[in-house]
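Structure at a glance
This is what each chain is made of:
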Amino acid sequence: MALIDIGVNLAHDSFDRDRLDVIARARACGVEQMILTGADGESTRRAIALAEAHPARLFATAGVHPHHAAQLDDGLAAELERLAAHPLVVAVGECGLDYYRDFCPRDVQRRAFARQLELAARIGKPVFLHQRDAHADFAAIVREHRRALMGGVAHCFTGSRAELEEDLGLGLAIGITGWICDERRGAHLLALVRDIPAERLMIETDAPYLLPRDLERKPASRRNEPAYLAHIARFVARARGVDFETVAQTTTATARAFFRLPPAPPDAALVCESADTERYLT
Ligand SMILES: [Zn+2]
């Protein structure tokens, strides 16, 4: 079993105390490689430093989240261009639109989004996309740039069937998080996830956010971590009516091709023996 978590905010300060344990636990639970999300200048720099410290295991994205769109001035744009060209940066983002929280004026969000799509096209890397309550504008901007793009993934997809169909029609891949395990707000995704072609479907935890709601034993901290990716994979497998191995194999193959990842370096077989690790596999 080898899983790839395509969205981990490992630079987040909630991991400052035990980041190496978090990486070790994820690997013991089958997560072979992770893509660390850059959401502003600082988290992008930290994600790249972590990727450099864990060759062929950790990779980074370089981008500015719509919440931080106002920070994307000419200075940060120039720095982002340099950071995005780093060989361990496998995508530009996360970038997109968030009209749910509306932390930035919408026109500022749209400009920052378009600017990052142009950067991705210029350097020939795919985009890692965030969208919430903004699908019409999001799709319009992606449509404008799609021909120049090397591909995009709608990360943490939580939308409707119509939105899924529009995203697939735009050529996007889809990232599914533990949102699907939430019986209150994610139940609709159970039917939708069946209709995502395997070569477009990837999985992610979005840790430390979005702890799967249905875990039998939740950590007291309520912090999500990449070791729970196996739980999400198992949930997706049940929803698609296939076995866990199939989901592991296809989502890993899709992520590896999409982000052009090298194979993980070989190491000693990792088994989940300790009770501590078992907790993450429930
Ligand atoms: Zn996001």
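What counts as what
- Residues numbered from 1 in each chain as written.
- Predicted model: local features only at pLDDT ≥ 70, side-chain atom pairs only at ≥ 80, totals over all residues.
- Heavy atoms only, no water.
- Helix = DSSP H or I, 4+ residues; strand = E, 2+ residues; numbered from the N terminus.
- Rg over C-alpha atoms; globule rule 2.2 N^0.38 Å.
- Buried < 20%, exposed > 50% of the residue type's maximum accessible area, 1.4 Å probe, protein only.
- Contact = heavy atoms within 4.5 Å.
- Areas by Shrake-Rupley, 256 points an atom, 1.4 Å probe, with all protein chains shown as cover.
- Lys, Arg positive; Asp, Glu negative; His and termini not counted.
- Charge placed at Lys NZ, Arg CZ, Asp CG, Glu CD.
- Donors = N, O, S within 2.8 Å, 3.2 Å for Na, K, Ca; no water.
- Core = buried A, V, L, I, M, F, W, Y, C linked by side-chain atoms within 4.5 Å.
- Expected span 1.5 Å × (residues − 1).
- Arc of directions from axis to C-beta.
- Right-handed = clockwise from strand over helix to strand, strands pointing away.
- Pairing = 2+ DSSP bridges.
- Disulfide = S-S within 2.5 Å.

1. Quick word on the overall build of the chain
Along the chain, the regular secondary structure elements total ten helices and eight strands. Its C-alpha atoms give the chain a radius of gyration of 17 Å, near enough to 19 Å, the size a compact globule of 282 residues would have. Taken over the C-alpha atoms alone, the chain extends approximately 50 × 40 × 35 Å along its principal axes. Taken over 282 residues, the chain has a buried fraction of 57%. Counting contacts in the chain only where the partners sit at least 6 residues apart, residues at least 24 apart contribute 75% of the total. Looking at the chain as shown, the accessible area adds up to about 11,900 Å², and 51% of this sits on carbon and sulfur atoms. Of the charged side chains in the chain, 35 are positive and 40 negative, and the gap between their average positions amounts to 1 Å.

2. Quick notes on the side chain of Thr 252
When you line up the elements, Thr 252 lands in helix 9 (residues 244-259). Leave out the neighbours within four places in its chain, and Thr 252 touches Ala 2, Leu 3, Ile 4 and Val 247.

3. Things to note about the coordination of the zinc ion
Every protein donor of the zinc ion is listed here as Glu 94 (OE), His 130 (ND1) and His 155 (NE2), and their distances to the metal cover 2.2 Å. Mapping the donors of the zinc ion onto the primary sequence gives the spacing E-x35-H-x24-H. Residue His 130 is found in strand 5 (residues 127-132), and its partner His 155 is found in the loop between strand 6 (152-154) and helix 6 (161-169); the two are separated by 25 residues along the sequence. Among the residues examined, His 155 registers a relative accessible area of 4% and is labelled buried.

4. Examining the nonpolar core
Within the largest apolar cluster, 91 residues are counted, with the highest numbers of intra-cluster contacts made by Leu 3, Ile 6, Leu 10, Phe 113, Val 236 and Phe 259. Considering every element that reaches this core, the biggest residue donor is helix 8 (residues 229-240), with eight residues. Aside from chain neighbours lying at most four places away, what touches Leu 10 is Phe 15, Arg 19, Val 22, Ile 23, Leu 36, Leu 50 and Leu 58.

5. Structural notes on helix 9
Look at helix 9: 22 Å from first C-alpha to last across 16 residues, which is about the 22 Å you get at 1.5 Å a residue. Among all positions of helix 9, only Phe 244, Val 247, Ala 248, Thr 251, Thr 252, Thr 254, Ala 255, Phe 258 and Phe 259 are buried. In an axial view of helix 9, the angular spread of the buried residues amounts to 165 degrees, which keeps them on one side of the axis. Of the residues in helix 9, the exposed ones pointing more than 90 degrees away from the buried face are Gln 249 and Ala 257. A positive phi of about 55 degrees marks Arg 260, the residue just after helix 9.

6. What about the pairing of strand 5?
Within strand 5, five of the six residues are buried, which leaves the element mostly enclosed by the surrounding structure. Viewed along the sheet, the connection from strand 4 (residues 89-98) through helix 4 (residues 106-123) into strand 5 turns out right-handed. Sheet topology note: the strand 5/strand 6 ladder contains three bridges and is parallel. Across the sheet, the residue bridging to Leu 129 is Ala 154, located in strand 6.

7. Focus: the state of the cysteines
Throughout the structure, instances matching the rule amount to zero disulfides. Among the cysteines around Cys 181, which has no disulfide bond, Cys 156 carries the closest sulfur, lying 11 Å off.

8. Re helix 8
Counted at 1.5 Å a residue, the expected span for helix 8 with its twelve residues is 16 Å, and the 16 Å between its end C-alpha atoms agrees. Counting buried residues in helix 8 gives ten out of twelve residues, a clear majority hidden from the surface. What helix 8 keeps buried is the set Leu 229, Ala 230, His 231, Ile 232, Ala 233, Phe 235, Val 236, Ala 237, Ala 239 and Arg 240. At its buried positions, helix 8 is contacted by strand 1 (3-8), strand 2 (31-36), strand 7 (173-176), helix 7 (188-192), strand 8 (201-203) and helix 9. Remark: Gly 241 follows helix 8 within two positions and exhibits a positive phi of approximately 70 degrees.

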